[in-house]
Amino acid sequence: MWGIIATWRMAAEGVEKASEMLAKNGDAGDAIETAIRDVEDNPYYKSVGFGGLPNEEMEVELDAGYMDGNTFDVGAIAAIKDFANPISIARRLSKEKVNCVLVGEGAEKFAHKEGFERKNMLTDRARIHYKNRVKEVREQELKPYAGHDTVGMVCLDTTGKMVSATSTSGLFMKKQSRVGDSPIIGSGFYVDSKVGGASATGLGEDLMKGCISYEIVRLMKSGMHPQEACEKAVHDLDQELKERRGQAGDLSLIAMNNKGEWGVATNIDGFSFVVATEKEAPVVYLAKVVDGHTVHEPASQEWLDEYMRTRMAPVVEK
Ligand code: GLY
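Source: prediction; values computed, not measured.

Caption draft 1: Just the pairing of strand S13 (residues 293–298), in detail. Summarising the sheet, strand S12 (residues 283–290) and S13 pair through six bridges and their orientation is antiparallel. If you follow valine 289 over to S13, its bridge partner there is threonine 294. In sequence, S12 turns back onto S13 through a hairpin of two residues, with aspartate 291 there showing a positive phi of about 50°.

Caption draft 2: The environment of aspartate 238, seen in detail. Looking at where aspartate 238 falls in the secondary structure, it is placed in helix H8 (residues 226–245). Under the relative-accessibility criterion, aspartate 238 is labelled buried at 7%. Here the alpha-carbon distance between aspartate 238 and leucine 207, two residues 31 residues apart in the chain, equals 9.4 Å. Discounting chain neighbours no more than four positions away, the residues touching aspartate 238 are Ala248, Leu251 and Asn267.

Caption draft 3: Just empty space enclosed by the protein, in detail. Summed over the entire model, instances satisfying the criterion amount to two cavities of 30 Å³ or more. Each pocket or cavity is described by its volume, and for the largest cavity that value is around 50 Å³. In terms of lining, the largest cavity is formed by 12 residues, of which the most central are Thr150, Gly170, Arg178, Asp181 and Ser182. Of the residues in the lining of the largest cavity, the class split is one nonpolar, eight polar and three charged.

Caption draft 4: Molecular detail of the pairing of strand S11 (residues 271–277). Among the seven residues in S11, seven count as buried, and that is most of the element. Taken together, the five bridges between strand S1 (residues 3–7) and S11 define a ladder with antiparallel strand orientation. Within S11, the residue paired with glycine 3 across the bridge is threonine 277. Where S11 lies against S12, five bridges are found, and the strand directions are antiparallel. Its bridge partner lying in S12, valine 275 is registered against valine 283. What sits between the antiparallel neighbours S11 and S12 is a turn of five residues.

Caption draft 5: Region of the structure containing the sheet that holds strand S10 (residues 262–266). Read from one edge of the open sheet, four strands run S7-S8-S9-S10, paired in antiparallel fashion. Unpaired on one side and paired on the other, strand S7 (189–192) and S10 mark the two borders of the sheet. Pairwise comparison of adjacent strand axes, ignoring direction, gives a mean angle of 10° for this sheet. Note: S7 against strand S8 (residues 196–202), four bridges, orientation antiparallel. Residue pairing across strands places aspartate 192 opposite glycine 196, the latter belonging to S8. Strand contacts of helix H7 (residues 212–221): S7, S8 and strand S9 (251–257), with the helix running at about 150° to S8, the strand carrying the most contacts. Against the sheet, H8 touches S9 and S10, its axis set at about 20° to S10.

Caption draft 6: Representation of the confidence of the model for the chain in the model. Looking at the chain as a whole, the pLDDT averages 95, with 97% of positions reaching at least 70. Across the chain, element-level confidence peaks in S7 with a mean pLDDT of 99 and bottoms out in helix H5 (residues 124–140) with 85.

Caption draft 7: Just the packing of aromatic side chains, in detail. Scanning the entire structure with this criterion turns up 10 aromatic pairs. Measuring from ring centre to ring centre gives 5.3 Å for tryptophan 262 and tyrosine 285, while their planes differ by 45°; the resulting arrangement is tilted. With tryptophan 262 in strand S10 and tyrosine 285 in strand S12, this residue pair connects regions lying 23 residues apart in the sequence. Look at tryptophan 262 and you get buried, because its relative accessible area is 14%. Among the aromatic residues, those joined into a ring-pair cluster are Trp8, Trp262, Phe271, Phe273 and Tyr285. The positively charged end of lysine 119 is found above the aromatic ring belonging to phenylalanine 50, 4.2 Å away from the centroid. Against the face of tyrosine 307 rests arginine 311, its NZ or CZ located 4.0 Å from the ring centre.

Caption draft 8: How the structure looks around helix H1 (residues 12–23). Taking 1.5 Å of rise per residue, the 12 residues of H1 would be expected to cover 16 Å, and the 16 Å separating its terminal C-alpha atoms lies within 8% of that figure. Along H1, the positions that sit buried rather than exposed are Ala12, Gly14, Val15, Ala18, Ser19 and Leu22. Along the axis of H1, the buried residues cluster in a sector spanning 150°; they form a single face. In this fold, the buried residues of H1 make contact with S1, helix H2 (28–41), strand S5 (151–156), S11 and S12. Just downstream of H1 lies asparagine 25, where phi reads positive at about 65°.

About the criteria used
Residues numbered from 1 in each chain as written. Predicted model: local features only at pLDDT ≥ 70, side-chain atom pairs only at ≥ 80, totals over all residues. Heavy atoms only, no water. Pairing = 2+ DSSP bridges. Helix = DSSP H or I, 4+ residues; strand = E, 2+ residues; numbered from the N terminus. Buried < 20%, exposed > 50% of the residue type's maximum accessible area, 1.4 Å probe, protein only. Contact = heavy atoms within 4.5 Å. 1 Å grid on protein atoms, 1.4 Å probe; cavity = no way out; pocket = protein on both sides within 12 Å on 5 of 7 lines; lining within 4 Å. Points joined across faces, edges and corners; volume = space filled by probe spheres on them. Nonpolar A, V, L, I, M, F, W, Y, C, P; charged D, E, K, R; others polar. Axes fitted to C-alpha atoms, helices over the stretch in contact; angles between N-to-C directions. pLDDT = per-residue confidence, 0-100. Phe/Tyr/Trp six-rings, centres within 6.5 Å; stacked < 30°, edge-to-face > 60°. Lys NZ or Arg CZ within 6 Å of the ring centre and 35° of its normal. Expected span 1.5 Å × (residues − 1). Arc of directions from axis to C-beta.

What follows is the structure, given as C-alpha cells:
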C-alpha cells in the first residue's frame, strides 16, 4: 500500500508527481520532497517558497520541517532567507544527530556550505500584494495576518515507511524572525511509521498550543481511525481555545495511518486538501464544518478552474 495526503489545492501537481514515484515503489522521503519542492517553486502560491509573502520588513523568511517515521530523524529550519527549497535543507538536516534544527543566519550558513541553491524569493507579484495589503489594512481595518496556507504532507511508501513534512512563508506581515508551528516537531508535523502521521495548517500560534500533530498520532496509536483522531484533536483544541481565550485561530489538519487510511478536520469552511493512494487517483477535496463535524467532497471543476484563475490573475498596485 502507498499513499499521500497534503494540505490545500496548491499541492495537487506535487502530489501527482509523488504518486507516480510511490506507484513505482519510490521512497516516501523522495516523494514528499519532490511534492513540496513543486509547491515551493511555483511563483503563484503566495504562502510557500518562491513568491511567498514577506514579513513586516519586506523580507521573505521561510520555515520547513521534515520527519522520518522509521528512524524518528527530524530536521527543521526557520526564518531562512534567500534559499530556493527549504524542504530539501530540512531533510538534509534530518540526517544530523545534533544541530538538526537551525534558524536564520545559522540555517543560511549551513545551506550555503551544503551547496543548496540560493535565490531571491521575493517576487514582484508578492511585493505588489504586500503593498496592496498594507493599504487595505490601513483603510479598511483588515487583519494583516489573514491568508497563510502552509503546505503540509504525510506520505506512506510500499515498504511501510512514512514521512511527514511542511513548508511555509508563515504569517503574512509577520514580525521579523517570527516562527510558527510548521518547523516545530509535534505541532506542524509528526509521524511514526508504526502508527501514522499528521500535519497542520492554520494559525501557528494556536496550533502549537495543542501540539496537535503529535496529538493526532497519539490518538491513532490508541486505536482511532485518522478521521476520528483528526476530528477529536481539532474539536478539543478549538473548544479549549474558545473557553480559555475567547477565540480560536484557523486549525486544519490532515492525517494518514500506516494502512493508507486518511482523515481531515478543520474549524473553517473551504479548507482544500489533496489525496492519492494505491486505490484512488489524486483528488482535490473541499472540507467544511457541519454540525460540529468535518465533511468533505471532491472539488467541482468550476471550483478548480476558479482557483487557478484567481491565483494567476495579474496583480496591479492599488
Ligand atoms: N501555520 C503556519 C504558520 O503559522 O506559520
